[in-house]
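Results of the structural survey
This is what each chain is made of:
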Amino acid sequence: MSRDSMPLQDLPCMSLQGSMLSQSKRTIKRKSRGCLSEGLDTECTPTDLIQQWSPSHKHQRLISKGKENDCNQFVLARRSRRRKESTSGISWDSLPDELLLRVLFYLPLQHLLRMSVVCKRWHRLAFDESLWRGVDLEGLTHMGPALQQVLKTGVRRLRCPRSFVEEQHFTGTGPLQIVQMDLSSSIIPTSALESIICRCRLLEHLSLEGLQLSDVIINALSKNPNLLQLNLGGCSGFSAPALADMLKSCSSIEQLNISWCDFNNSHVKSVVDNVSAGVTQLNLSGYRESLTLDDVKVLVTRCPHIETLDLSDSTLLMADSFPVLKQLKCLQHLSLSRCYHIHLAALTDLGKMFPMLCLLDVFGVVHNSHLPSLKKEMPHVSINSRPFSNIARPTPASRLVGCLSDRAMWNRKCHLRFKL
C-alpha cells in the first residue's frame, strides 16, 4: 500500500517513528564526530564500551547489520566467568591419599564399606591393606562372600569365632598374609577351611578349636615354621602320622592346646614324642584311657621347660606320677582335675615337691569340705581358682565368661569390627 493510499490516521504515527529514527541517527553521528575531533575516551561509543570490558584474549566477532548500520558495527563477546569461591575450605578431592587414609582409619567397618561406593578413588582407598590389618567378623552369618573379600585385602589378624561359613571354595593361589587367626567354634566346611589354611605361610597364632579338620589341613600347618601358639582343642578328622609330621616341622611352638580331640593311643604318642622341646604351656587333658604314666615320662624328658601343664581327666594317672612330674623345675600351674585315682593325702606333698608351684586345679578330686585343710598345707598355692584352661586360647576363658563384650584376640583387639 503506497503512502498516498494509506489512511490519514496512520500517517502521524509513522512520521513519529521515522522522526525518532532519524533523530537517533543524527545524534550518534554528531557524538562520533565530536569524539574524534575532541579526543574523548572510548566510552563514547557502545562498541568501544563492550571492547573495554571484554577480555583481550577472547575472539571478538564484528557483525554488520544492514546498510543503515554500516557506520555502527556491533560486537559479540563473552565476559570471563568469575570463579566461585569455595565456601567449605579445602575440597576432599584435593587431599592426598595419605590424609584420606588417615581419616578412613577411624571409620567402623560398615561405614567404610559405604564410603567405598562413592567413587573409584575412594573404593581404592577403602580397600587399602593398611586399613584391613585387623578384622573382627564375629557373629556374621553367611560369611562366605565377606570372608572372600577380606582375604583379598591382605588382612594380617582375622577374628571370626562362632561364625557360619557356607559351602564355598575361596579362590586365589597366592599366599595369604595372615599372622593371627581365630576360627574357634565356627561352622565352616572342611573344604573351605582347606582352601584357606593351604595358602597360609606366616601363621604365628592359630585357633581352630572344635572344628572338623583333615590331614590336608594338618599338613598345611607344617608349612608355618613360625607358629608359636596352636589351639586344636576338640578337633577331629586327622591321623596320627599327619599330627607327628606337623609337630616335627613346627618346632617353635610355645603353647599347645590339643585337649579333648578324637584321639587314640597313637595320637597321644605322636604328641609326646614330637611336641616342641621348647613348649612352656601344654594342655593334654581329656584322654581318660589313652594317656599313661609312660607317656608322662616321655613328655617330661622331652619338654623340661614346661611351666603350665594340664593333664585333667586322665583317669589312669595316680600318685606315682608325682616323682616323674618333679623333674619339671619350672612348673607353676598344674591341673589334675577329675584324676580320680589321686587321693587327698598324696596332694599334700606337692607343695614340697614343686617349690615354684602357685596354681593347682583338682576339681572333682578334693571335696569342698577338704579344701581348707589342703590350703593350710600349701598356703602359697592357689587351689581351684582356674576352672578353665587358657592355654593357646585367643580369648581367655575367664574373660569370655565374665565379659561377653571382650573381643580381644591374644590380648589385642582388631581395628575393624562387625557390629550387629
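Structure: above.
Residues numbered from 1 in each chain as written. Predicted model: local features only at pLDDT ≥ 70, side-chain atom pairs only at ≥ 80, totals over all residues. Heavy atoms only, no water.

Quick notes on the environment of Leu309
- Its place among the elements puts Leu309 in strand β10 (residues 308–310).
- Classification of Leu309 as buried rests on a relative accessible area of 1%.
- A C-alpha to C-alpha distance of 9.1 Å links Leu309 and Ile391, two positions 82 residues apart in sequence. (Helix = DSSP H or I, 4+ residues; strand = E, 2+ residues; numbered from the N terminus. Buried < 20%, exposed > 50% of the residue type's maximum accessible area, 1.4 Å probe, protein only.)

Here's the deal with unusual backbone geometry
- Look at Asp313: it is not a glycine, yet its phi comes out positive at around 60°.
- The exposure class assigned to Asp313 is buried, which follows from its relative accessible area of 4%.
- If you check the backbone angles, Arg338 has positive phi at about 60° while not being a glycine.
- The residue Arg338 is located in the loop between β11 (333–335) and α13 (344–347) in this model.
- Residue classification places Arg338 among the partly exposed residues on the basis of a relative accessible area of 32%.

With respect to the packing of aromatic side chains
- Within this structure, the stated rule accounts for 5 aromatic pairs.
- Ring centres 5.3 Å apart and planes at 10° place the aromatic pair Phe263 and Tyr287 in the stacked group. Of this pair, Phe263 sits in the loop between β8 (255–257) and α10 (265–274) while Tyr287 sits in the loop between β9 (281–283) and α11 (293–302), and the two are 24 residues apart along the sequence.
- The class of Tyr287 is buried, set by a relative accessible area of 3%.
- Among the aromatic residues, those joined into a ring-pair cluster are Phe238, Phe263 and Tyr287.
- Directly above the ring of Phe105 sits Arg102, whose terminal nitrogen or CZ lies 5.3 Å from the centroid. (Phe/Tyr/Trp six-rings, centres within 6.5 Å; stacked < 30°, edge-to-face > 60°. Lys NZ or Arg CZ within 6 Å of the ring centre and 35° of its normal.)

Re the sheet that holds β9
- Strand order in the open sheet formed by 12 strands is β13-β12-β11-β10-β9-β8-β7-β6-β5-β4-β3-β16, with parallel pairing between adjacent strands. Taken across any chain shown, the strands that pair with only one partner, and hence form the sheet edges, are β13 (382–383) and β16 (416–417).
- Direction of pairing for β8 relative to β9: parallel, over a ladder of 3 bridges. The residue bridging Leu256 from the neighbouring strand is Leu282, located in β9. (Pairing = 2+ DSSP bridges.)

Re the side chain of Asn231
- Structurally, Asn231 is set in strand β7 (residues 229–231).
- Here the side chain of Asn231 touches Ser207 through a polar contact of 3.1 Å, side chain to side chain.
- A polar side-chain atom of Asn231 sits 2.9 Å from a polar atom in the side chain of Glu209.
- Sequence-distant contacts of Asn231, that is, excluding residues within four places in its chain, are made with Leu206, Ser207, Leu208, Glu209, Asn257, Ala392, Arg393 and Pro394. (Polar contact = N/O pair within 3.5 Å; in protein donor to acceptor, adjacent residues only side chain to side chain. Contact = heavy atoms within 4.5 Å.)

A few points about the packing of helix α9 (residues 240–249) against α10
- Two elements in contact, α9 and α10, have axes whose closest approach is 9 Å; the angle formed by their N-to-C orientations is 15°. With respect to α10, the element α9 is oriented roughly parallel. As α9 runs across α10, the sense of the crossing is right-handed. Packed against α9, whose contacting residues are Ala240, Leu243, Ala244, Leu247 and Lys248, the element α10 presents Ser266, His267, Ser270, Val271 and Asn274 at the interface. (Axes fitted to C-alpha atoms, helices over the stretch in contact; angles between N-to-C directions. Parallel < 35°, antiparallel > 145°, perpendicular 65-115°, else oblique. Left-handed = near helix turned anticlockwise from the far one by under 90°.)

Description of the pattern of salt bridges
- The full count for this structure, using the stated rule, is 10 salt bridges.
- Here Glu138 makes a salt bridge to Arg159, at a shortest N to O gap of 2.6 Å. Here Glu138 is found in the loop between β3 (134–136) and α6 (144–152), whereas its partner Arg159 is found in strand β4 (residues 157–159), with 21 residues between them in sequence. In this structure, Glu138 and Arg159 share a single accessibility class: buried.
- A salt bridge links Arg393 to Glu209; the shortest N-O distance between them is 2.9 Å. (Salt bridge = Lys/Arg side-chain N within 4 Å of Asp/Glu carboxyl O.)

Structural notes on the nonpolar core
- Formed by 100 residues in total, the largest nonpolar core has its most connected members in Leu158, Leu208, Leu213, Leu309 and Leu325.
- Excluding its chain neighbours within four sequence positions, the residues that come into contact with Leu158 are Val135, Leu147, Val150, Leu151, Ile178, Gln180, Met181, Asp182 and Met409. (Core = buried A, V, L, I, M, F, W, Y, C linked by side-chain atoms within 4.5 Å.)

Looking at α11
- Those residues of α11 that sit buried are Asp295, Val296, Leu299 and Val300. All buried residues of α11 fall inside an arc of 130° around its axis, so they share one side. Residues Asp294 and Thr301 are exposed on α11 and point more than 90 degrees away from its buried face.
- Along its buried surface, α11 packs onto α10, β9, β10 and α12 (322–325). (Arc of directions from axis to C-beta.)

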